[in-house]
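Residues per chain are reported as follows:
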Amino acid sequence: KAGVTQTPRYLIKTRGQQVTLSCSPISGHRSVSWYQQTPGQGLQFLFEYFSETQRNKGNFPGRFSGRQFSNSRSEMNVSTLELGDSALYLCASSLRQSNEQFFGPGTRLTVL
Amino acid sequence: AQSVTQPDIHITVSEGASLELRCNYSYGATPYLFWYVQSPGQGLQLLLKYFSGDTLVQGIKGFEAEFKRSQSSFNLRKPSVHWSDAAEYFCAVVHSNYGGSQGNLIFGKGTKLSVKP
């Protein structure tokens, strides 16, 4: 069974731009969560989607948003990029009733 | 608020030596605990998890962890470290608003493991 895939793997943007990251969960998994990983703050929860609905949200500004499609694929969007948004963005998928989250390889975003 | 503390930022051990990585959690109810490993440039791989039952949990790659409620700890151990174990290790607890097993993960800051030949 294929794992969680994230595209693109690497991205370079400039301040003020916006970016969209994509995540395809493991087949059959209906829940997708997003995390931001930085050297200073570590791993922080962004949001979780299940059945196309945001079920849980971390403490991030409104510039961070996401959505989930009917096939469970998810996208996250960051608008008006800031230097501090440079990070590894990790997507994880899970079966709804299981809290075992399977992580993708991440998208490395660099904001210049 | 729920939190996870990994006191050791960086640990170096010799190949073949035993390993123990420390993890302390702060949680009001029965915690759901995890250990993940991250190799450079990679995502997180689940090593083991504790939901309930036997407090000694076996995981992949020869790792085990012991849940000690009295000490609020969930330390990761391996009897003999291999060079391929060099990576960063994260302890995590579920943050649940409903007292159940579902919710987002709260991670510790991680412990980087280096292995000397």
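Above this text you will find the structure in question.
Conventions we followed
Residues numbered from 1 in each chain as written. Chains lettered and ligands numbered in written order. Predicted model: local features only at pLDDT ≥ 70, side-chain atom pairs only at ≥ 80, totals over all residues. Heavy atoms only, no water. Helix = DSSP H or I, 4+ residues; strand = E, 2+ residues; numbered from the N terminus. Polar contact = N/O pair within 3.5 Å; in protein donor to acceptor, adjacent residues only side chain to side chain. Contact = heavy atoms within 4.5 Å. Buried area = accessible area lost by both parts, 1.4 Å probe. Salt bridge = Lys/Arg side-chain N within 4 Å of Asp/Glu carboxyl O. Disulfide = S-S within 2.5 Å. Buried < 20%, exposed > 50% of the residue type's maximum accessible area, 1.4 Å probe, protein only. Phe/Tyr/Trp six-rings, centres within 6.5 Å; stacked < 30°, edge-to-face > 60°.

A short note on the side chain of A:Asn56
Relative to the assigned elements, A:Asn56 resides in strand 6 (residues 53-57). In this structure the side chain of A:Asn56 is engaged in a polar contact, spanning 2.8 Å, whose partner is the side chain of B:Asn104.

Regarding the interface of chain B and chain A
Between chain B and chain A, the contact holds 20 residues from the first and 19 residues from the second. In this assembly, chain B packs against chain A so that about 1,600 Å² is buried in total across both faces, 45% of it on carbon and sulfur atoms. On the surface where chain B and chain A come into contact, there are one salt bridge. The partner of A:Glu100 in a salt bridge is B:Lys49, and the shortest N-O contact between them spans 2.4 Å. Connecting chain B to chain A are seven residue pairs in polar contact (both at pLDDT 80 or more). Those elements giving two or more residues to the side of chain B that touches chain A turn out to be strand 5 (33-38), strand 6 (44-50), strand 10 (87-95) and strand 11 (104-107) of chain B.

Notes on the state of the cysteines
All chains considered together, the criterion is met by two disulfides over all chains. The side chain of A:Cys23 participates in a disulfide bridge whose partner is A:Cys91; the two sulfur atoms lie 1.7 Å from each other. Between A:Cys23 and A:Cys91, the S-S dihedral sits near -55°, and the bridge is therefore left-handed. With a gap of 68 residues between them, A:Cys23 in strand 3 (residues 19-24) and A:Cys91 in strand 9 (residues 87-94) connect regions that are remote in the sequence. Accessibility assignment for this pair places A:Cys23 and A:Cys91 in one class, buried. Each disulfide pairs two cysteine sulfurs, and for B:Cys23 the partner residue is B:Cys91, the sulfurs being separated by 2.0 Å.

Quick look at the pattern of salt bridges
Using the criterion set out here, one finds nine salt bridges over all chains in the structure. A salt bridge links A:Glu82 to A:Arg63; its shortest N-O distance comes to 3.6 Å. Here A:Glu82 is found in the loop between strand 8 (74-78) and strand 9, whereas its partner A:Arg63 is found in the loop between strand 6 and strand 7 (64-68), with 19 residues between them in sequence. Between B:Glu64 and B:Arg77 there is a salt bridge; the shortest N-O distance is 3.2 Å. Of this pair, B:Glu64 sits in strand 8 (residues 64-68) while B:Arg77 sits in strand 9 (residues 73-78), and the two are 13 residues apart along the sequence. Within this structure, A:Arg63, A:Glu82 and A:Asp85 form a network of salt bridges that share partners.

Thoughts on the packing of aromatic side chains
The tally for this structure, following the rule as stated, stands at 16 aromatic pairs over all chains. Seen from their ring centres, B:Phe34 and B:Phe51 are 5.7 Å apart, and the 80° between their planes marks the pair as edge-to-face. Taken together, the residues span a long stretch of sequence, with B:Phe34 in strand 5 and B:Phe51 in the loop between strand 6 and strand 7 (56-58) at a distance of 17 residues. Using a relative accessible area of 0% as the deciding quantity, one classes B:Phe34 as buried. Note on B:Phe90 and B:Phe107: the rings are 6.4 Å apart at their centroids and 90° apart in plane angle, and the pair reads as edge-to-face. You can see B:Phe90 sitting in strand 10 and its partner B:Phe107 sitting in strand 11, a full 17 residues away along the chain. Both residues of the pair, B:Phe90 and B:Phe107, belong to the buried class. An aromatic cluster is built from A:Tyr35, A:Phe45, A:Phe103, B:Tyr32, B:Phe34, B:Tyr36, B:Phe51, B:Phe90 and B:Phe107, whose rings are joined through pairwise contacts.

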